[in-house]
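# Residue-level structural notes
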Amino acid sequence: MRLAELEASLGRRFARLTTNAVVARPRLWRVFRWLTRAQFSRLAPVWDSMRRPEAFAALERALDELPEAPKRVLDLGTGTGLAAFVAARRFFGAEVVGVDLAAAMVEQARERTPPELAERVRFEQADGARLPFQDGAFDLVQLANMIPFFAELARVVAAGGHLVLSFSAGPETPIWVPPERLRRELSAHGFADFADFEAEGGTALLARKGDRL
Ligand SMILES: C[S@@+](CC[C@H](N)C(=O)[O-])C[C@H]1O[C@@H](n2cnc3c(N)ncnc32)[C@H](O)[C@@H]1O
């Protein structure tokens, strides 16, 4: 195995290990945070070359099912912003915020923002475990290949709003959480009306936040 392949394989294993640990015990995030940030900061310049064109097919299938177009969208763990651009193109008129832990990813996302979306899409560096937004700030929060922090997700999704968790390679995605685990955690945090989607090898889960907790 070449050195670059070995490094990529170790990176994928580390991402899965981190996901499992943090979903089981969110407080462990402080141990993993700096390594995760370092890992994705390094990957930022080459991230898009690692994406398949159909990487967001399952996310898009879930977005097809939203009962109405959201006006305030958060793309959490946005990386180079590709899924944020998907949402902005689909929901004409929506304000879209892409958030990432790694400043280098945010930099790439800003550089890649198409001029026609620049007025409605912005990117911020922040930690999904502690978001700088008010309670109920978004009527859609979407995650593509990102570790879910359930309590923060429940806090920032508005009552009656929606959440989509998507994984581009289904169970083969390095950052992946089994759907039954997602449903259990989300139910405990006030989400319901779950729907599963599959497309192009990817999976997605759509959930609605209850009108009150
Ligand atoms: C696997 S990449 C996915 C990027 C993008 N969503 C995509 O699918 O192309 C995960 C991204 O989440 C970011 N990330 C990881 N933990 C985070 C956290 N706690 N808060 C915000 N971003 C985080 C990483 O820096 C990385 O850019």
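Each chain carries its own residue numbering, running from 1 in the direction its sequence is written. Thresholds applied to this predicted model are a pLDDT of at least 70 for local features of residues and 80 or more for the giving and counting of side-chain atom pairs; totals over whole chains, interfaces and linings are not thresholded and use all residues. Note that water and hydrogens are dropped before the side-chain values are worked out from all heavy atoms of the structure.

Time to look at the packing of helix α1 (residues 3-24) against helix α2 (residues 29-43). Every axis corresponds to a line fitted to the C-alpha atoms, with the helix fit spanning only the stretch in contact, and the corresponding angles, defined between N-to-C directions, vary from 0 to 180 degrees. Where helices and strands are cited, they refer to DSSP runs of H or I of at least four residues and of E of at least two residues respectively, numbered from the N terminus. Remark: α1 packs on α2, axes separated minimally by 11 Å, with the N-to-C direction vectors making an angle of 150°. In terms of axis orientation, α1 runs roughly antiparallel to α2. The interaxial crossing formed by α1 with α2 has left-handed handedness. On the side of α1, the interface is formed by Glu7, Gly11, Phe14, Leu17, Thr18, Ala21 and Val22, while α2 contributes Trp29, Phe32, Leu35, Thr36, Gln39 and Arg42. The labels follow the angle: roughly parallel below 35 degrees, roughly antiparallel above 145, roughly perpendicular from 65 to 115, and oblique for the rest. Less than a right angle of anticlockwise turn of the near helix away from the far helix marks a crossing as left-handed, whereas a clockwise turn marks it as right-handed. Pairs of residues are marked as contacts when any of their non-hydrogen atoms sit within 4.5 Å.

A few words on the pairing of strand β2 (residues 95-100). Among the six residues of β2, five are classified as buried, and the element is accordingly described as predominantly covered. The pairing of strand β1 (residues 72-76) with β2 spans five bridges and is parallel. Across the sheet, residue valine 73 finds its bridge partner in β2, namely valine 96. Seen with its strands pointing away from the viewer, a crossover is right-handed if its path from the first strand over the helix to the second goes clockwise. The parallel pair β1 and β2 is bridged by helix α4 (residues 82-90), and the resulting crossover is right-handed. As paired strands, β2 and strand β3 (residues 121-125) are joined by five bridges and run parallel to one another. Bridged to aspartate 100 within β3 is glutamine 125. Handedness of the crossover is the feature at issue here: the chain leaves β2, passes through helix α5 (residues 103-112), returns alongside β3, and the resulting connection is right-handed. Only protein chains enter the calculation, and the probe is 1.4 Å; a residue is then buried if its accessible area is under 20% of its type maximum, exposed if over 50%, and partly exposed in between. Pairing between strands is defined by DSSP: at least two bridges between the two strands are required.

Next up on the list: the side chain of serine 168. Within the secondary structure layout, serine 168 lies in the loop between β5 (157-167) and α7 (179-188). Any pair of N or O atoms that falls within 3.5 Å is considered a polar contact. Within protein, one atom must be able to donate a hydrogen and the other to accept it, and sequence-neighbouring residues count only if both atoms are side-chain atoms. Only 2.7 Å separates the side chain of serine 168 from the backbone oxygen of alanine 55, close enough to count as a polar contact. Beyond its immediate chain neighbours, meaning those up to four positions away, serine 168 contacts Arg51, Arg52, Ala55, Asn145, Thr173, Glu200, Gly201 and Gly202.

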